[in-house]
Amino acid sequence: MWIGIKYFKNVEHIKLLTMGKFISEVIKRKRFISRRQLAKETLTLVGGLIVIPEVFMKKKEAGINQDIPIERNKTFAFQIGKKTFLNDDFLLESKTAEILFHEHAEALPIIDYHCHLPPNEISSNKQFQNLTQIWLAGDHYKMRAMRANGVEEKYITGNADDYSKFLKWAETVPYTLRNPLFHWTHLELKRYFGIDTILNSTTAKEVYEIASSLLQTEKFRTQNLIKDKNVEIVCTTDDPIDKLQYHQEIISQGYPVKVLPAWRPDKALAVENPENFNKYVDNLSEVSDVNISGYQDLIDALTRRQDFFKSMGCKLSDHGLESFLFEEYSDLEINRIFSKIRSHRKLSFQEMQKFKTALLLQLCEMNFQFGWTQQFHVGALRNNNTRMFKSLGPDKGFDSMGDFEFAKSMAKFLDRLEQKQKLTKTIVYNLNPRDNDLIVTMLGNFNDGVIPGKMQYGSAWWFLDQKDGIEKQLNALSNHGLLGRFIGMLTDSRSFLSYPRHEYFRRILCNLIANDVEKGELPTDLKWLGKIIEDICYYNAKSYLNFQ
Ligand SMILES: [Zn+2]
């Protein structure tokens, strides 16, 4: 006779397979089971363990589901809560968490208000040849993991063939356990390709073939990859000189997902290298049709571009900074500094600080005038490996967290804007978790009592975009600010297969709140908590970013 545990989510969902017949047993709570029932029932619950009575043990000779450890004594028991990997209740540790996620978070649309998807690959509705092309190319998280696993560069960024590269990645995956890559990898295989297999060197070929053949179908062209994940709005990241022709094309195609540009003028601040800076200013001059001879011309040109971005539906700016900086300056000084660099002379460190402070403050005032939300991504120390930077260029996995000191400069910077009453809605993302409390308390100084959640402490970013980092961000925000006003998750990704990261975030959020309920630290008012979760996952971003 067979007895096997088919599957169970918890004690309320136990299904037994016995005598070849499927018997569904639902055991509600320990207290509802009498001694008599206990003798009769196949299962009961004792002290957190599910116990199968001895009478059944005698009949189980033919074997029991091999997943379950069996002790050959009077009873055998196993810990409740054992889950299969990546099941429906992945990351949800309680019934409350399951309810919050499945009933309030799971089905909501996605607003991906900051990402790096290439607009041309959306407008061309690109089809990828194979899994390596869509999944590995350009993914610096995977590049780092492969290098750490001793994989030669030719299989990472080099000229090895696509399958060989994939195989090296598959060989690396088992070593990524407990790194977010392990979860992302299998979540993406499952959600996009329906593949449940754990990726490793043995399964690589099968996974590659199934996924690569699916990639040849319509469903796997970029527009469907986004749309089918219930994405409502995508904000890309674009330079002021970008003509946004791909955004135009997407609109004219009538694509139902809104793909909007976002303004990232970092190159206008990159005065370290006069040659590159001047080339950039010349390009800006051409695109904006403004002859840029003085600093004010630069501002005029940028304003024109900003007008154009606004006409294309842009609602956000984004600024990548090592650190907030603040150096006092006069207008005269800035004009002189600009003339100096335009005549191809190198600026001193202090001149660079002054120029960057002045221009970034100016750009922030412009963000305010346009009614945009401004984002600051702060704290990355980039291109740390000179040899690799020289051979591969930026964004190839040689960046890490910095330890910049910026509390005072951040305060002065935001305060200067606030004094002029030109501080627009602001989101700050940090990269070093030691700064979590600093950032969120600093932002709290500048809420204005008008716009709910005006100063946002942004979602866990890059190295912090994993379970521990997400929980730490949510905890810091809860401790010092208003979690209920948080505008939630974004992918910040270059990959078309990253949308399950929203699901990942939502599960962690629901679980965190549910754990408080389980501990009696929050009331069991799931209607209210469910509403808060819906807001964080979708509605807050929608209203905060004016996406009505
Ligand atoms: Zn980004």
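Before reading further, recall that the structure is shown in the block above.
These notes cover the structure that comes with them.

Turning our eyes to something else, we now look at the overall build of the protein chain. On a plain count of helices and strands, the protein chain comes out with 21 helices and 15 strands. Of all 548 residues assigned to the protein chain, the portion counted as buried reaches 39%. Intrachain contacts of the protein chain at a sequence separation of at least 6 include 70% that bridge at least 24 residues.

Grouped together as the largest cluster of nonpolar side chains are 125 residues, with contacts concentrated most on Leu100, Val378, Val428, Leu509, Cys510, Ile513 and Ile533. For this core, the leading source of residues is helix 20 (residues 500–518), giving eight residues.

Take the pairing of strand 8 (residues 231–235) next. Here three bridges tie strand 7 (residues 110–112) to strand 8, and the two strands are oriented parallel to one another. Counterpart to Ile110 in the pairing with strand 8 is Val231. Bridge analysis of strand 8 against strand 9 (residues 258–260) gives three bridges, and the strand direction is parallel. Of the residues in strand 9, the one forming a bridge with Ile233 is Lys258.

With that settled, the discussion passes to the environment of Tyr429. Tracing the sequence through the fold places Tyr429 in strand 14 (residues 426–430). Spatially, the C-alpha atom of Tyr429 lies 4.6 Å from that of Gly458, the residues being 29 residues apart in sequence.

Moving on, we get to the sheet that holds strand 10 (residues 316–321). The sheet built from four strands is open, its strands ordered 10-11-14-15 with parallel pairing. Looking at strand neighbours, the two that pair on one side only are strand 10 and strand 15 (455–457), the edges of this open sheet. Each strand of the sheet is rotated relative to its neighbour by a mean of 20 degrees, with strand direction disregarded.

Attention now goes to the pairing of strand 14. With five of its five residues buried, strand 14 lies for the most part within the structure. Burial along strand 14 is two-sided: Thr426, Val428 and Asn430 facing one way and Ile427 and Tyr429 facing the other are all buried. Bridge analysis of strand 11 (residues 373–378) against strand 14 gives five bridges, and the strand direction is parallel. Each bridged residue has a counterpart across the sheet, and for Gln375 the counterpart in strand 14 is Ile427. Bridging between strand 14 and strand 15 involves three bridges; their strand directions are parallel. Across the sheet, the residue bridging to Ile427 is Gln456, located in strand 15. Crossover handedness for the path strand 14 to helix 18 (residues 436–444) to strand 15: right-handed.

The strands making up a sheet associate through backbone hydrogen bonding, with each pair oriented either parallel or antiparallel. Pairing is parallel across the open sheet formed by three strands, whose spatial order is 7-8-9. At either end of the open sheet lies a strand with only one pairing partner, and these are strand 7 and strand 9. Within the sheet, the average angular offset between the axes of one strand and its neighbour, ignoring direction, is 10 degrees.

With that out of the way, let us pick up helix 11 (residues 245–252). Buried within helix 11 are the following residues: Tyr246, His247 and Ile250. Considered in projection along helix 11, the buried side chains sweep an arc of 105 degrees and stay on one side of the axis. Facing away from the buried side of helix 11, by more than 90 degrees, are the exposed residues Gln245 and Ser252. The inward-facing, buried residues of helix 11 abut helix 4 (119–123) and strand 9.

The next point concerns the packing of helix 3 (residues 95–105) against helix 21 (residues 526–544). Running from N to C, helix 3 and helix 21 cross one another at 55 degrees; their axes reach a closest spacing of 9 Å. Classed by the angle they form, the pair helix 3 and helix 21 counts as oblique. Two packed elements cross with a definite hand, and for helix 3 against helix 21 that hand is right-handed. The residues of helix 21 that touch helix 3, namely those facing Thr96, Ile99, Leu100, Glu103, His104 and Ala105, are Leu526, Leu529, Gly530, Ile533, Glu534 and Cys537. Grouping the amino acids of the contact of helix 3 with helix 21 by side-chain chemistry returns seven nonpolar, three polar and two charged.

Let us now look at the environment of Ser317. Among the secondary structure elements, Ser317 is positioned in strand 10. Each C-alpha atom, one on Ser317 and one on Ala262, is 5.5 Å from the other, the two residues being 55 residues apart in sequence. Each residue touching Ser317, except ones within four places of it in the same chain, is listed here: Ala262, Trp263, Arg264, Asn367, Trp372, Gln374 and Gln375.

Turning our eyes to something else, we now look at helix 13 (residues 295–311). With 17 residues, helix 13 ought to run about 24 Å at 1.5 Å a step, and its terminal C-alpha atoms sit 25 Å apart, in line with that. On the buried face of helix 13, the contacting elements are helix 12 (274–288), helix 14 (331–342) and helix 15 (349–369). Two residues or fewer past helix 13, Gly313 is found with a positive phi of approximately 95 degrees.

Let us look at the packing of helix 6 (residues 140–148) against helix 7 (residues 162–172). Following both chains from N to C, one finds helix 6 and helix 7 inclined at 70 degrees, their axes separated by 10 Å at the closest point. Considering their axes alone, helix 6 and helix 7 lie roughly perpendicular with respect to each other. Contact residues: Lys142, Ala145 and Met146 in helix 6; Lys168, Trp169 and Thr172 in helix 7. Partitioned by chemical class, the residues of the contact of helix 6 with helix 7 number three nonpolar, one polar and two charged.

Scoring rules and cut-offs
- Residues numbered from 1 in each chain as written.
- Predicted model: local features only at pLDDT ≥ 70, side-chain atom pairs only at ≥ 80, totals over all residues.
- Helix = DSSP H or I, 4+ residues; strand = E, 2+ residues; numbered from the N terminus.
- Buried ≥ 20, exposed ≤ 12 C-beta atoms within 10 Å, placed from the backbone.
- Contact = placed C-beta atoms within 7 Å.
- Core = buried A, V, L, I, M, F, W, Y, C linked by C-beta atoms within 7 Å.
- Pairing = 2+ DSSP bridges.
- Axes fitted to C-alpha atoms, helices over the stretch in contact; angles between N-to-C directions.
- Right-handed = clockwise from strand over helix to strand, strands pointing away.
- Arc of directions from axis to C-beta.
- Parallel < 35°, antiparallel > 145°, perpendicular 65-115°, else oblique.
- Left-handed = near helix turned anticlockwise from the far one by under 90°.
- Nonpolar A, V, L, I, M, F, W, Y, C, P; charged D, E, K, R; others polar.
- Expected span 1.5 Å × (residues − 1).

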